[in-house]
Structures are given as C-alpha cells and as structure tokens.
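Understanding the architecture of this molecule
Now for the letters of each chain:
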Amino acid sequence: MKSSIVLIVLLLIGVNVNAQWKKNKANEDSKIWRYDLECEGIGKQGSKLVKVWSYSKNPKHAISRAMKNAVHGIIFKGYAGGGTGCTPSKALVGSATKVEEHASFFDAFFLDGGEYLKYVSAATDGNIGPGDRLKVSRREYKIGVVVNVLHGQLRKRLEEEGILRGLSSGF
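Bear in mind the structure is a predicted one, so any value in this text is a computation, not a measurement. (Residues numbered from 1 in each chain as written. Predicted model: local features only at pLDDT ≥ 70, side-chain atom pairs only at ≥ 80, totals over all residues. Heavy atoms only, no water.)

1. A few points about helix H5 (residues 151-160)
- Where H5 is concerned, the buried positions are His-151, Leu-154, Arg-155, Arg-157 and Leu-158. Around the axis of H5, the buried residues are gathered within 160° of arc, so they sit on the same side. Away from its buried face by more than 90 degrees, H5 exposes Lys-156 and Glu-160.
- Where H5 is buried, its residues contact strand E2 (48-56), helix H2 (59-76), helix H4 (103-109) and strand E5 (141-149).
- Downstream of H5 by one or two residues, Gly-162 has phi in the positive range, about 85°. (Buried < 20%, exposed > 50% of the residue type's maximum accessible area, 1.4 Å probe, protein only. Helix = DSSP H or I, 4+ residues; strand = E, 2+ residues; numbered from the N terminus. Arc of directions from axis to C-beta. Contact = heavy atoms within 4.5 Å.)

So, in structure tokens, the structure goes:
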C-alpha cells in the first residue's frame, strides 16, 4: 500500500516537473520576440485582424506564443499595409524611452497568462494551414496564426496607464 502511494506521488511530481520544463523551454525558445506581423484583413470596429509569424524550434511553442507576439507587435512594431482593405498601422508605443519608463508594467503585462490575453483572440479554429507552417532551417519553423487584436481597448489601457496620451488630449 505504501509503495503504491509513493509511486503515485513520484508520478505526480514527474508530471509537474515535465510540464514546468516544457513551459520554460517554450519561453526560452521564443523570449527574444522574433516574429513578423502582417495585416490579414479588416476587423470589427476598434480591432485589427493580423497574421503573426512566430519562429521556434518547436511548432507548438510558436503557436502558443502567437497571441503574445501579436499584442507585442501592435504595441511596439506596427505593420505595413497588405491584404484586402489593409492600411499601414503604426506602433502604439514608438518611443524607446516610454518602454524603459514603464518596463515594470510591460513585464507584468506580458507574463504567461498575463493581462495581454484580454486584448487578443484566435480568429480561426486553431488549425494551422499547410502554407502557414514553414520550415525555415534545419531546426526552426515559422508558423503563421491569424488573431484578432482589440486595438482600441489596448490603446485605452495604455492611456489609463499613462504610457500614451489620449487622442482627445490635443497636441
């Protein structure tokens, strides 16, 4: 009886350690913010429909990071025009000094399971099309995922935090 309890405890510990290792590996694999962002089409009022191309050694890691990368891209990179009805979009925060001044906010905002998830959702059923899974080198994949980013609400949140000036605040 004791040996079966010990075995169960050891199995649970092993599963937990393995899950934590995979999570750390995913973060390590894509922590340097390597991604490309492109307009995918017209979203609802106040939102942007974008395709984010994430790079990773493991395709599952790239997929899991796609939403985080999309919000990061809208805030810090922006994108050029492209698909049907797309116009270029500037980064919400273009100033490196703003990023440094509010580093603690952005660190917390982009934590796994963090607040960034309030501003993004998958635009598809989660399946990756054959043209959206590219092997770019012997060890690396480039995975394209279409997501919807709530641009207006994200901008409002950054205004509330004092990172951006409101559109109605004048010049």
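2. Section: the pattern of salt bridges
- According to the stated counting rule, one finds seven salt bridges in the structure shown.
- Notably, a salt bridge pairs Asp-132 with Lys-51, separated by 2.8 Å at the nearest N-O pair. Within this pair, whereas Asp-132 is found in the loop between strand E3 (120-122) and strand E4 (133-135), its partner Lys-51 is found in strand E2, the two being separated by 81 residues in sequence. This pair shows no difference in class: Asp-132 is buried, exactly as Lys-51 is.
- A salt bridge links Arg-157 to Glu-115, with the nearest nitrogen and oxygen atoms 2.5 Å apart. In this pair, Arg-157 is assigned in helix H5 and Glu-115 in the loop between H4 and E3, connecting sequence segments 42 residues apart. Here Arg-157 matches Glu-115 in class, with each residue buried.
- When salt bridges with common partners are traced through the structure, they connect Glu-115, Arg-157 and Glu-161 into a single cluster. (Salt bridge = Lys/Arg side-chain N within 4 Å of Asp/Glu carboxyl O.)

3. Topic: the state of the cysteines
- Tallying each qualifying case throughout the model produces one disulfide.
- Between Cys-39 and Cys-86 runs a disulfide, and the two sulfur atoms are separated by 1.9 Å. Disulfide Cys-39 to Cys-86: torsion about the S-S bond roughly -75°, handedness left-handed. Taken together, the positions of Cys-39 in strand E1 (residues 35-42) and Cys-86 in the loop between H2 and helix H3 (96-101) put the pair 47 residues apart, joining distant regions of the chain. For the pair formed by Cys-39 and Cys-86, the shared burial category is buried. (Disulfide = S-S within 2.5 Å.)

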